[in-house]
Amino acid sequence: MNNFLLEISDLHRHYPVSTGPFSLSKATVKALSGVTLYVRKGETLGLVGESGCGKSTLARLVTGLESPDRGTVRFSGKEIPLWDRSELSKKIQMVFQDPYSSLNPRQKVHNVISEGMRIHKMGSTSEIRKRVEELLEQVGLRPEHAERYPHEFSGGQRQRIAVARAIALNPDLVICDEPVSALDVSVQAQVLNLLKTIQAEFELSYLFISHDLAIVSHVSDRVAVMYLGRIMESSASQSLYSNPLHPYTRTLLDAIPVPDPEYEYHSSPLTGDTPSPISPPEGCPFHPRCPHAMKICSETFPHWKEMEPEHFVSCHLY
Ligand code: ADP
């Protein structure tokens, strides 16, 4: 039996958009074009890719906030539309990028953290108060912080509050959408360490979304690399780092500075802008920027191939 908590299969999501303020013609943004992924119980899957490649769209489909045009999302073996919405909202929680805008500034920390518990009637007023104090301690804050407002905290402390809010309902999956991108580098490691400690304590699975492969490969058991609405490569973090197969993965890895003058980079830096998802290139969407592009790359999208156990790639080179 597999121990998949989340199974995403052939997910498509396209958005109709108008082509200009005075234009009546419509175009289509292909945000997701056939994404297949899984997350096991207790593991962290890192989802990495440049801005606009479809990461947040995927998160919205997983939480059931939006429906796919095609494909399925199964959580604990059951398709998302079959879940009772209130039950699902307990089991899947999110931590967002910007702790300055994701916490209601008019609510005291106690109310921010306890909102879900109150909605789901998870205990008496005094039980909920005690639970909030415990949660604050679990994320490295103090019980008396419950009486303060979010603006009284630093960015890192606010992200700790957001983590406390996310785990208050005992979820199984937490989607972390760029959780440290808005924080100072010195604070990032503290929040990442907190997420790791909390994961072990609460037996959580994480879908960890980021544009930064250095952070993703540091925190994740497995990594999926996304480009223009498609998954290009996925494997265990270690294997992706030591043996990157897709030319796009190599350029992402080479963008991470290595403090060793002897280190040999795999490829030259990416040139050109990311093509628009409104009319993505035919074939492999990376081919216009790929140093190894062949004729077939502009014609057909490559099949998903398993090169080593659990190391998959979509590339005509293989
Ligand atoms: P990422 O999170 O990787 O930055 P997104 O999922 O936010 O990417 O967006 C993927 C693409 O889909 C982008 O081109 C974005 O502009 C487009 N998009 C996302 N949501 C909508 C929407 N509701 N309507 C139209 N286009 C959208």
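For clarity, every value in this text was computed on a predicted model and none was experimentally measured.

1. Structural notes on the sheet that holds strand 2 (residues 26–40)
Step number 1: Across the sheet, four strands lie side by side as 2-1-4-5; this open sheet has antiparallel pairing. Of all strands in the sheet, those bounded by a partner on one side alone are strand 2 and strand 5 (78–79).
Step number 2: By the bridge criterion, two bridges tie strand 4 (residues 70–75) to strand 5 in an arrangement that is antiparallel. Within strand 5, the position partnered with R74 by the bridge is E79.
Step number 3: Against the sheet, helix 1 (residues 55–62) contacts strand 1 (4–18), strand 2 and strand 4, and its axis sits at roughly 120 degrees relative to strand 1.

2. Quick notes on the sheet that holds strand 9 (residues 222–227)
Across a sheet, paired strands are connected by hydrogen bonds in the backbone, their directions being either parallel or antiparallel.
Step number 1: Spatially, the eight strands line up as an open sheet ordered 6-7-8-3-9-10-12-11, and their pairing is mixed. Among the strands making up the open sheet, the edge pair consists of strand 6 (92–95) and strand 11 (304–308). Direction aside, neighbouring strands of the sheet carry axes that sit 20 degrees apart on average.
Step number 2: Strands in contact with helix 1 are strand 3 (44–48), strand 6, strand 7 (173–177), strand 8 (205–210) and strand 9; relative to strand 7, the strand with the most contacts, it is inclined by about 155 degrees.

3. What about the packing of aromatic side chains?
Step number 1: Scanning the model with the defined rule gives six aromatic pairs in all.
Step number 2: Judged by centre distance (5.1 Å) and plane angle (55 degrees), the ring pair of Y248 and F286 falls under tilted. Here Y248, found in helix 9 (residues 247–254), pairs with F286, found in the loop between helix 9 and strand 11; they are 38 residues apart in sequence, far enough to count as distant.
Step number 3: Given the relative accessible area of 0%, F286 is considered buried.
Step number 4: Taken together through their ring pairs, the aromatic side chains of Y227, Y248 and F286 make up a single cluster.
Step number 5: The positively charged end of K78 is found above the aromatic ring belonging to W83, 4.7 Å away from the centroid.
Step number 6: Sitting over the ring of F301, R230 keeps its end group 3.8 Å from the ring centre.

Thresholds, definitions, all that
- Residues numbered from 1 in each chain as written.
- Predicted model: local features only at pLDDT ≥ 70, side-chain atom pairs only at ≥ 80, totals over all residues.
- Heavy atoms only, no water.
- Pairing = 2+ DSSP bridges.
- Helix = DSSP H or I, 4+ residues; strand = E, 2+ residues; numbered from the N terminus.
- Contact = heavy atoms within 4.5 Å.
- Axes fitted to C-alpha atoms, helices over the stretch in contact; angles between N-to-C directions.
- Phe/Tyr/Trp six-rings, centres within 6.5 Å; stacked < 30°, edge-to-face > 60°.
- Buried < 20%, exposed > 50% of the residue type's maximum accessible area, 1.4 Å probe, protein only.
- Lys NZ or Arg CZ within 6 Å of the ring centre and 35° of its normal.

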